[in-house]
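# Architecture at a glance
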Amino acid sequence: MKLVVLGATGGTGLEIVRQAMEHGHSVTAFVRSPERLKPFFDRITIKQGDLLNSAELGRVIEGHDAVLSGFGPRLPISKTDANLLQQFAVALTTAMRQAGVRRVVVESTAFLFRDSIVPPTYLFGRLFFPGVVIDASAMERVFRESELEWTMVRPPQLTDKPYTGKYRVRVGHLPRFGFNISRADVADCFINTVEDRTSVGKVLGASN
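A brief structural summary. Values in this document were obtained by computation on a predicted structure and should not be read as measured data.

A few words now on helix α1 (residues 11-22). Its twelve residues give α1 an end-to-end C-alpha distance of 17 Å, which sits within 8% of 16 Å, the value for a rise of 1.5 Å per residue. Across the twelve residues of α1, nine count as buried, placing the element largely inside the fold. Among the residues of α1, those classed as buried are Thr12, Gly13, Leu14, Glu15, Ile16, Val17, Gln19, Ala20 and Met21. The elements touched by buried residues of α1 are β1 (2-6), β2 (26-31), β4 (66-69), β5 (103-107), β7 (157-159) and α6 (183-194). Directly beyond the C-terminal end of α1, a positive phi value near 85 degrees is found at Gly24.

Cis peptide bonds are those with omega within 30 degrees of zero, and the linkage from Val118 to Pro119 qualifies with 5 degrees. Its place among the elements puts Pro119 in the loop between β5 and α4 (121-128). A positive phi is found at Phe177, a non-glycine position, where the angle reads about 60 degrees. With respect to the helices and strands, the residue Phe177 is situated in the loop between β8 (168-171) and β9 (180-182). Here Phe177 falls in the partly exposed class, since its relative accessible area comes to 47%.

So, about helix α3 (residues 84-99). Here α3 contains 16 residues, and its C-alpha end-to-end distance of 22 Å stays within 8% of the 22 Å for a straight helix at 1.5 Å per residue. Those residues of α3 hidden inside the fold are in contact with β1, α2 (54-61), β4, β5 and α5 (130-144). Just beyond α3, the residue with positive phi is Gly100, at close to 75 degrees.

What follows covers the sheet that holds strand β3 (residues 45-48). Spatially, the eight strands line up as an open sheet ordered β3-β2-β1-β4-β5-β6-β10-β8, and their pairing is mixed. Looking at which strands have only one partner, the edges of the open sheet turn out to be β3 and β8. In this sheet, adjacent strand axes meet at a mean angle of 20 degrees when their direction is disregarded. Sitting on the sheet, α1 touches β1, β2, β4 and β5, and the angle it makes with β1 is about 165 degrees.

The N-to-C vectors of α3 and α5 enclose an angle of 15 degrees; their axes lie 7 Å apart at closest approach. Comparing their axes, α5 and α3 come out roughly parallel. Regarding α3 and α5, the two cross each other, and that crossing is right-handed. Judged by residue contacts, Leu84, Leu85, Gln86, Ala89, Val90, Leu92 and Thr93 of α3 engage Asp135, Ala136, Ala138, Met139, Val142 and Phe143 from α5.

About the criteria used
- Residues numbered from 1 in each chain as written.
- Predicted model: local features only at pLDDT ≥ 70, side-chain atom pairs only at ≥ 80, totals over all residues.
- Heavy atoms only, no water.
- Helix = DSSP H or I, 4+ residues; strand = E, 2+ residues; numbered from the N terminus.
- Expected span 1.5 Å × (residues − 1).
- Buried < 20%, exposed > 50% of the residue type's maximum accessible area, 1.4 Å probe, protein only.
- Contact = heavy atoms within 4.5 Å.
- Pairing = 2+ DSSP bridges.
- Axes fitted to C-alpha atoms, helices over the stretch in contact; angles between N-to-C directions.
- Parallel < 35°, antiparallel > 145°, perpendicular 65-115°, else oblique.
- Left-handed = near helix turned anticlockwise from the far one by under 90°.

Written out as structure tokens, the structure reads:
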């Protein structure tokens, strides 16, 4: 597949790029600063621009099969980034409609699983990261209301541990005792999900 990776210079994004190539996909990374992609310079297409600019996004996305987004705000979130995920969702859905590309897999957060008791992700998110909960909820709503073929992946705490391939995935719920997952395993989930038509329109909980 011809894939566009957004948030490609972040921890999860770099793993998505690497694993997408290993699976034989053609990768285009759309980033502000490409320095962290130096190990892949001769193997992927790199485009520089603004992720919140739908016109720029649309030009990059056109002609591709799907978009994989590991984009997210840095913690702690500044006041100027309070609605960053929602703004990003509006720009991306607009760009995808204009480009005629429908398939998208998006990284969200396990804080939105209201029914998770062990761990109590929603309660934890509301207490300590209320801004993330509000903004991620708004982002997901934008995708839900679009006509795109979206899938949300909601991981809990992300780690830099190595790839295991032994993570668990549940539709609509966080796996029980799902306290964390490595970024490498989240990337693997993304690659498997974009190829899986049964995941369209679903929210996935993924954890080690």
